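Summary of structural features
Residues per chain are reported as follows:
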Amino acid sequence: MTKVIQVKPPRVFSDLKPWLQNHYQDLPKRLQSVAVFAMHNPDVIALNTIASISEQVGVTPSAMVRFAKSLGYQGFSDMQMVFQESMRHVPQPYSERLNSMQRSADTKQTVLSHFTQAASESIARLEHNVDANALLKASEQLAQARVVYIAGQGRAEPVVAYLHYTLVKLGVHSVVLTGMPHSMADKARMLKEDDVLLAISFSPYTANTRELVDICLANNTNVVALTDSTLSPIARGDDFHLEVLEEEVSGFRGLSATMCLALCLAVETGRVRAELGN
């Protein structure tokens, strides 16, 4: 009989991954495989039927129900609601974002003040939440790499460009992975064990960036990930990942804290590399 964890499960999506990690050993072996799949594929859990998910995991639908109940949820649907919260950042059309901003506009607060306040709150959270030791470890991986390959699409593209520019200026050999998805995947397969993939992806996560991470980890190439959630599909137990979350203003998310973290990562990489004499 499956043991039920006698602790109230998280109702907030961002709390679920560390909670699962803490209770992982309490699960039967069969359900541990479900937990690993759920941690690596939150979008699949959020958006698919129990039949489709169980087929992908390689278990029966009843095993998915047992998994949810073993964590303390009432059933699979109750647990799935927590994963669906992860999709809160599914983009609205920009016209709707503008309309939302106009509807919520405070005549005493300008657009500039809205966004500067959001940027300030994002940077304050960054300083409080980022582990300095994790930043150092990620920087050490980049500093020791033969070549740093950088990948990211959509909102991550400005971060990719800035990291590449800064790393090159600091004397770190870096290359941006570009091209069609299949071409980028082929390039990723050519990375060596002494290279590093620096992957950047934010919700809604880019499938191509996730594929590049999968390829590199399978080939024993180290990955440093910059993302916005503990349950991001590129935040793995076998990579070095840093998390940064931006405050929203009517659906618009800036890059203030993200660029700050990118600069810290690049500068720390340059410092470590100089100490190593590379």
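Note that the coordinates shown come from a computational prediction; the quantities given were computed from them, not determined experimentally. Throughout this document, residue positions are counted from 1 along each chain, in the order its sequence is written. Per-residue local features of the predicted model are confined to residues with pLDDT of at least 70, and side-chain atom pairs are confined, for both listing and counting, to 80 or more; whole-chain, interface and lining totals are unaffected and use all residues. Note that water and hydrogens are dropped before the side-chain values are worked out from all heavy atoms of the structure.

1. Considering the overall build of the chain
Tallying secondary structure elements over the chain gives 13 helices and seven strands in all. The buried label applies to any residue whose accessible area, calculated with a 1.4 Å probe on protein chains only, is under 20% of its type's maximum; exposed applies above 50%, and partly exposed to all values in between. Buried positions account for 46% of the 278 residues belonging to the chain. Any two residues whose heavy atoms approach within 4.5 Å are treated as being in contact. For the chain, the share of sequence-separated contacts (at least 6 apart) that also reach a separation of at least 24 residues comes to 68%. The Shrake-Rupley method, run with a 1.4 Å probe sphere, supplies the accessible areas, and residue values consider only the shown protein chains as cover. For the chain, the exposed surface amounts to about 14000 Å²; the carbon and sulfur share of it is 55%. Secondary structure follows DSSP: runs of H or I at least 4 residues long count as helices, runs of E at least 2 residues long count as strands, and numbering of each begins at the N terminus.

2. A few points about the pairing of strand S1 (residues 148-151)
Of the two faces of S1, the one lined by Val148 and Ile150 and the one lined by Tyr149 and Ala151 are each fully buried. With the strands aimed away from the viewer, a crossover counts as right-handed if its path from the first strand over the helix to the second runs clockwise. Taken together, S1, helix H10 (residues 157-169) and strand S2 (residues 174-176) form a β-α-β motif whose crossover is right-handed. Examined bridge by bridge, S1 and strand S3 (residues 196-200) share four bridges and lie parallel to one another. Note that in S3 the partner of Val148 across the bridge is Val196. In short, DSSP must find at least two bridges between two strands for them to pair.

3. Remarks on the sheet that holds strand S4 (residues 222-227)
Ordered by their spatial adjacency, five strands build an open sheet running S2-S1-S3-S4-S5, and the pairing between neighbours is parallel. Of all strands in the sheet, those with a lone pairing partner are S2 and strand S5 (240-243), marking the two edges. For this sheet, the mean inter-axis angle between neighbouring strands, taken without regard to orientation, is 20 degrees. Inter-axis angles, ranging from 0 to 180 degrees, are taken between N-to-C directions of lines fitted to C-alpha atoms, where helices are fitted over the stretch in contact. The sheet contacts of helix H13 (residues 256-276) involve S3, S4 and S5, and relative to S5 the element is tilted by about 145 degrees.

4. Comments concerning helix H9 (residues 132-143)
The terminal C-alpha atoms of H9 lie 16 Å apart, and with twelve residues this matches the ideal 16 Å at 1.5 Å per residue to within 8%. Looking only at H9, the buried set comprises Leu135, Ala138, Ser139, Gln141, Leu142 and Ala143. What qualifies as a polar contact is a pair of N or O atoms within 3.5 Å, subject to a donor-acceptor requirement within protein and to the restriction that residues adjacent in sequence count only when both atoms come from side chains. For H9, the N-terminal cap is Asp131; the gap from its side-chain oxygen to the backbone nitrogen of Asn133 is 2.9 Å. The span one expects for a helix is its residue count, reduced by one, times 1.5 Å.

5. Focus on the side chain of Glu246
Along the chain, Glu246 turns up in the loop between S5 and strand S6 (248-249). Under this rule, positive means Lys or Arg and negative means Asp or Glu; His and the chain ends count for nothing. Salt bridges, as used here, are contacts in which a Lys or Arg side-chain nitrogen is within 4 Å of a carboxyl oxygen on Asp or Glu. Although Glu246 is buried, it makes no salt bridge; Arg155 carries the closest opposite charge, 5.3 Å away. In this structure the side chain of Glu246 is engaged in a polar contact, spanning 3.3 Å, whose partner is the side chain of Ser122. At a separation of 3.0 Å, a polar atom in the side chain of Glu246 contacts the main-chain amide nitrogen of Ala257.

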